[in-house]
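Residues per chain are reported as follows:
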Amino acid sequence: MLKAFVTLAALVASATAHYTFPSLVVGGQTTPAWVNVRKTNNFNTQAPVTDVTSPDFRCYDSQTQATAETITVQAGGPLGIMSDGTIYHPGVVNVYMAKAPGDVDGWAGDGAVWFKVYQITAETNGGQSITFPAEGVPGVSFTLPKNLPSGQYLVRMEAIALHVAQSYGGAQFYISCGQVNVVNGGSGTPGPLVSIPGVYTGYEPGILININYPIPKNYTQPGPPVWSG
């Protein structure tokens, strides 16, 4: 009975409260929607990506052919990414960056150029409980590594909703890519570098997981480790 109830609750939740990430937060100010973030295909529908092999898994902009204005940020300074509501579903967050060879305008981010700069994982208690600190927050904020080299970057937000992730393709990815120009950077070597798509198969234990029943004893964050510089 309990299993049936939690499954039904998850299915009901899956039909509501999707979201996008249209804004950055720079200098304490939230930027207007889709100005410094490339407009995603779901800017109206808010529908997620579920295929980790799709070209849309990178920036979700195949239908919009989106461009954005590049905003200047300081290495070692704060950067935020805001949703158009809240991160409604239980899940985790990864933030990736990729350095363009020059001007980031029109750059696709092909190849093994992406590295992780931030994450919010799940918290477990040996099978007694699992909680998701990212759930319900309007966005995320983090500090850019101070050794991040100067230059222009894509910043990719990835919120992974896990409420119906018990079957392959059930995890929902809410994605966007902002454009930033990092100044006063350092001489670090970000890594490990991964390709997007390519970073996941969809069978990772942090992506293909039943968070409802039985309660997981532990959680493994998908993707490479965070590069902190």
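Residues numbered from 1 in each chain as written. Predicted model: local features only at pLDDT ≥ 70, side-chain atom pairs only at ≥ 80, totals over all residues. Heavy atoms only, no water.

Chemist: Any details on unusual backbone geometry? Residues and values, ideally.
Modeler: Pro 192 follows Gly 191 through a cis peptide bond whose omega is -5°. Among the structural elements, Pro 192 can be located in the segment after strand E11 (172-183). Following Ile 196, the chain continues into Pro 197 via a peptide bond in cis, with omega recorded as 0°. The topology assignment puts Pro 197 in the segment after E11. Residue Trp 34 is not a glycine yet carries a positive backbone phi of 60°. (Helix = DSSP H or I, 4+ residues; strand = E, 2+ residues; numbered from the N terminus.)

Chemist: Give a description of the pattern of salt bridges that names residues and reports values.
Modeler: In total, this model carries two salt bridges according to the counting rule given. Asp 110 is paired through a salt bridge with Arg 58; the nearest N and O atoms lie 2.7 Å apart. Here Asp 110 is found in the loop between strand E5 (91-99) and strand E6 (114-120), whereas its partner Arg 58 is found in helix H2 (residues 56-59), with 52 residues between them in sequence. The exposure class of Arg 58 is buried, given its relative accessible area of 14%. In this structure, the salt-bridge partner of Arg 156 is Glu 158, at a minimum N-O distance of 2.7 Å. For the pair Arg 156 and Glu 158, one class covers both residues: buried. (Salt bridge = Lys/Arg side-chain N within 4 Å of Asp/Glu carboxyl O. Buried < 20%, exposed > 50% of the residue type's maximum accessible area, 1.4 Å probe, protein only.)

Chemist: Report on the side chain of Arg 38, specifying residues and quantitative values.
Modeler: Mapped onto the elements, Arg 38 comes out in the loop between strand E2 (29-30) and H2. Summary of buried charges: Arg 38 has no salt-bridge partner, and the nearest side chain of opposite charge, Asp 61, is 4.2 Å away. Those residues within four positions of Arg 38 in sequence are excluded, and the remaining contacts are Asp 61, Ala 66, Thr 67, Ala 68, Val 104, Asp 105, Gly 106, Trp 107, Leu 154, Cys 177 and Gln 179. (Lys, Arg positive; Asp, Glu negative; His and termini not counted. Contact = heavy atoms within 4.5 Å.)

Chemist: Tell me about the confidence of the model for the protein, residues and numbers included.
Modeler: The predicted model of the protein averages 93 in pLDDT, with 93% of residues at 70 or higher. Predicted confidence for residues 1-15 stays below pLDDT 50, and this span has 14 contacts to residues more than four positions away or in other chains. (pLDDT = per-residue confidence, 0-100.)

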